[in-house]
Amino acid sequence: MDRLPKIALPVVAVIIFAIILISKSAVTIGSGEAGVLYKTFGGGVVTDEPALGEGFHLVAPWNKVYVYEVRQQEVFEKMQVLSSNGLEIKLDASAWFQPKYGDLGKLHQEKGESYVDRVLLPTIRSAARSVVGRYTPEQLYSSKRDAIQQEIFEETKKIVDGQYIQLNEVLVRDVTLPPTIKEAIERKLKQEQESLEYEFRLVTASKEAEKVRIEAQGKADANRILSASLTDKILQDKGIDATLELSKSPNSKVVIVGSGDSGLPLILGNN
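- Per an unreviewed UniProt entry, the recorded name for the protein chain is Peptidase, and the organism is Flagellimonas eckloniae.

Below is the structure:
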């Protein structure tokens, strides 16, 4: 009985040590995450092996695992940039991105966990300044928003692709111009719209007038052709035909043949 406590103490110590060892060695990678293994005595960051995927992992207690989110993320940035004529423009943009899963070890080794602040955001700012500097405030305010967005995306992607970052989209959410410039652009756009409406009304009126002229000309041409074709002989024949038709009517009448000025029959009613 006296020996039991002496045996129990080492066993308890071993169990406690095992629990501590397992807790230090166990790593759980959450959903949408991946782990980069750092071997303290084995060459540092592991770059030639796949990252640790989701789930439970056991690693040596002297090693360390750095966990990264690998699903799509979004970052927002507010910038002040200059237009082509030197005016200050405020630009609100966001980017959809994610680290390249296959290069996660290299990303951690070369850029670190702060890769968004070290690489992505500075690149977006640089691309935005370069792109916006090609356009006037009027273009930025109206027609070129989509083009600017696409150009910023392309210039940013060209750089970050080589930095182990996958850029999915850049969205220009707002372009803020100085108030005086914005008001001047709005006045100009309103005047242009009014001018277009006035031109449209002129074109419509001109087309309507042309339509009326063509219709009148058509009627005049038809009357002229008809007048030219109606000879005295034709008129007499048509008059005789009409007289014959009327003579068949049951109404009382007197038909005098050849008494008209033109030699056409006369039809006289008896009432």
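After that view, the rundown keeps rolling.
**With respect to the overall build of the protein chain**
Then step 1. Within the protein chain one finds seven helices and 10 strands.
Then step 2. The proportion of buried residues among the 271 residues of the protein chain is 28%.
Then step 3. Within the protein chain, counting contacts between residues at least 6 apart in sequence, those at least 24 apart form 65% of the total.

**Topic: the pairing of strand β7 (residues 88-99)**
Then step 1. Bridge count for strand β6 (residues 73-82) against β7 is 10 bridges, and the pairing is antiparallel. Within the sheet, the bridge partner assigned to Lys 78 lies in β7 and is Asp 92.
Then step 2. Where β6 folds back onto β7 in an antiparallel hairpin, the turn is made up of five residues, including Gly 86, whose phi is positive at roughly 85 degrees.

**As for the nonpolar core**
Then step 1. Core analysis: the biggest nonpolar cluster contains 40 residues, and Leu 91, Phe 97, Leu 104, Leu 120, Ile 152, Ile 165 and Leu 167 have the highest contact counts within it.
Then step 2. When contributions to this core are tallied by element, the ones reaching two or more residues are β2 (33-39), β5 (64-69), β6, β7, α2 (104-110), α3 (115-132), α5 (145-160) and β8 (165-176).
Then step 3. Among the elements that take part in this core, α3 stands out by supplying 10 residues, more than any other.
Then step 4. Counting contributing residues per domain, this core is built from domain 1 (7-69) and domain 2 (73-177), each supplying no fewer than three.
Then step 5. Apart from the residues lying within four places of it in its own chain, the contact partners of Leu 91 are Glu 77, Lys 78, Met 79, Val 81, Ala 128, Val 132, Ile 152, Val 172, Asp 174 and Val 175.
Then step 6. Membership of the second largest hydrophobic core comes to seven residues, among which are Val 27, Val 46, Leu 52 and Val 65.

**Remarks on the sheet that holds β2**
Note: strands within a sheet are paired through backbone hydrogen bonds, in either parallel or antiparallel orientation.
Then step 1. Here we have three strands laid out as an open sheet, ordered β3-β2-β5, and antiparallel in their pairing. Pairing within the sheet leaves two strands with one partner each, and these edge strands are β3 (44-45) and β5.
Then step 2. The sheet contact formed by β2 and β3 spans two bridges and is antiparallel. Residue pairing across strands places Lys 39 opposite Gly 44, the latter belonging to β3.

**Description of the packing of aromatic side chains**
Then step 1. In this structure the tally under the stated criterion is two aromatic pairs.
Then step 2. Ring centres of Phe 97 and Tyr 115 lie 6.3 Å apart, and the angle between their planes is 80 degrees; on these two criteria the pair is classed as edge-to-face. Of this pair, Phe 97 sits in strand β7 while Tyr 115 is found in helix α3, placing the two residues 18 residues apart along the sequence. Each member of the pair, Phe 97 as well as Tyr 115, carries the same accessibility label: buried.
Then step 3. Within the aromatic cluster, the residues linked to one another by ring pairs are Tyr 68, Phe 97 and Tyr 115.

**Some points on the sheet that holds β7**
Then step 1. The three strands are arranged β6-β7-β8 in an open sheet whose pairing can be described as antiparallel. Looking at which strands have only one partner, the edges of the open sheet turn out to be β6 and β8. If you compare each strand with its neighbour and ignore which way they point, the axes differ by 25 degrees on average.
Then step 2. Strands in contact with α3 are β6, β7 and β8; relative to β6, the strand with the most contacts, it is inclined by about 40 degrees.
Then step 3. Seen against the sheet, α5 touches β7 and β8 and runs at an angle of roughly 145 degrees to β8.

Calculation notes
- Residues numbered from 1 in each chain as written.
- Predicted model: local features only at pLDDT ≥ 70, side-chain atom pairs only at ≥ 80, totals over all residues.
- Heavy atoms only, no water.
- Helix = DSSP H or I, 4+ residues; strand = E, 2+ residues; numbered from the N terminus.
- Buried < 20%, exposed > 50% of the residue type's maximum accessible area, 1.4 Å probe, protein only.
- Contact = heavy atoms within 4.5 Å.
- Pairing = 2+ DSSP bridges.
- Core = buried A, V, L, I, M, F, W, Y, C linked by side-chain atoms within 4.5 Å.
- Domains from an automatic or database assignment.
- Phe/Tyr/Trp six-rings, centres within 6.5 Å; stacked < 30°, edge-to-face > 60°.
- Axes fitted to C-alpha atoms, helices over the stretch in contact; angles between N-to-C directions.

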